[in-house]
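What the coordinates show
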Amino acid sequence: EVLVVRPGTMTALALGFANVLVQEKLYDEDYVVNRTDLPLLVRLDNLKLLRPSDIAADYQLAELKNYAVVMKPEDMPPPGKQGVQHIPAALRQEWGDFAVWDSQKNAPAPVSRDQVGNHFKSTGIQPALNGEFEVTLKDGTKIKVTPAFELTRRYLADNFSPEAVEEMTWAPKESVVSLAKQFAANNGKVLFAVGMAGYI
């Protein structure tokens, strides 16, 4: 497959492919849930990530098992002697924890940095990727939240339809759709060659 596109529009082309994959649900949902930040809830009042401490005044940060938290950076052993990643307590506070919408309980659920990849399945949480939900903040205010995936889906739909991508890149809209579907059908086996020497 060869597409000759307008110079400087490769990013738009890639987002056009992404739009087809997302709108037609050709993506790997298990990968998105377990290995990306796309299930995390975003507050629609300020577009910041929802934190469990936003909705529960007495929320305590989860104890991390895949990290060693030290009070002072100088207490860290040299990198070669660290069995797990060491982080200062101040950084742990800055990280905080996150929230997803649990489709089983129809409520927000806290998640930590430990709960990614294969570790996530042990939580029993089933994060929603789409939808808009209402949560009550600890001060009683009600706000709308949505998964980052939903915001991404809307952005792609609003800006990178095959027709819009054709106009931006000069790549035929039929090719945008066709190639995106081929990418989905050949997951992990696609070489996306850019120009003469670059690769995506």
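To start, this report covers the structure provided alongside it. Just so we're clear, the structure is a prediction, and the values are computed from it rather than from any experiment.

Conventions we followed
Residue indices begin from 1 for each chain and proceed along its sequence in written order. Residues qualify for local features only when their pLDDT is at least 70, as the model is predicted, and side-chain atom pairs are given and counted only at 80 or more; totals for whole chains, interfaces and linings, by contrast, use all residues. Working from all heavy atoms in the structure, the side-chain values ignore hydrogens and water. Numbered from the N terminus, helices here are DSSP runs of H or I no shorter than four residues, and strands are runs of E no shorter than two. Type-normalised accessible area, obtained with a 1.4 Å probe on protein chains alone, sets the label of each residue: buried when under 20%, exposed when over 50%, and partly exposed for intermediate values. We call two residues in contact when some of their heavy atoms are within 4.5 Å. Two N or O atoms form a polar contact when they lie within 3.5 Å of each other; inside protein one atom must be a possible hydrogen donor and the other a possible acceptor, and for residues adjacent in sequence the pair counts only when both atoms belong to side chains. One requirement defines pairing of two strands: DSSP has to find at least two bridges between them. The axes are straight lines fitted to the C-alpha atoms, using for helices just the contacting stretch, and the angles between their N-to-C directions are given from 0 to 180°. By nonpolar core is meant a set of buried Ala, Val, Leu, Ile, Met, Phe, Trp, Tyr and Cys residues that side-chain atoms within 4.5 Å join together.

1. Considering the environment of D114
Position of D114 among the secondary structure elements: in the loop between strand 5 (107–111) and strand 6 (133–136). Assessed through its relative accessible area of 7%, D114 is described here as buried. When the C-alpha atoms of D114 and N66 are compared, they prove to be 6.0 Å apart, with 48 residues separating the residues in sequence. Apart from residues lying up to four places away in sequence, D114 is in contact with E63, L64, K65, N66, Y67 and H119. A distance of 3.1 Å separates polar atoms of two side chains, one belonging to D114 and the other to N66.

2. Describing unusual backbone geometry
Notably, L47 is not glycine yet its phi reads approximately 60°, a positive angle. L47 gets classed as exposed once you look at its relative accessible area, which sits at 59%. We note that N106 has phi near 50°; this positive angle belongs to a residue other than glycine. Note that N106 resides in the loop between strand 4 (98–102) and strand 5. The exposure class of N106 is exposed, given its relative accessible area of 55%.

3. Quick notes on the sheet that holds strand 1 (residues 41–43)
With antiparallel pairing, 3 strands are arranged side by side in an open sheet as 1-7-6. The open sheet has two edge strands with one neighbour each: strand 1 and strand 6. This sheet shows a mean twist of 45° between the axes of neighbouring strands, independent of strand direction. Note that strand 1 and strand 7 (residues 142–147) share 3 bridges and pair antiparallel. Each residue of the ladder has a partner; that of R43, found in strand 7, is V145. Here helix 5 (residues 148–159) sits on the sheet and contacts strand 1 and strand 7; the angle it forms with strand 7, its principal contact strand, is near 70°.

4. Let's talk about the nonpolar core
Of all hydrophobic cores here, the largest spans 26 residues; its most connected members are L13, F17, V111 and V176. Put simply, the parts of the chain that give this core at least two residues each are helix 1 (10–23), helix 2 (29–35), strand 4, strand 5, helix 5 and helix 7 (173–185). Considering each element in turn, this core owes the most residues, 5 residues, to helix 1. If we ignore the near neighbours within four places in the chain, the residues touching F17 are L3, S175, V176, L179, A180, F183 and F192. Counting 10 residues, the second largest nonpolar core, distinct from the first, contains A99, W101, V135 and I143.

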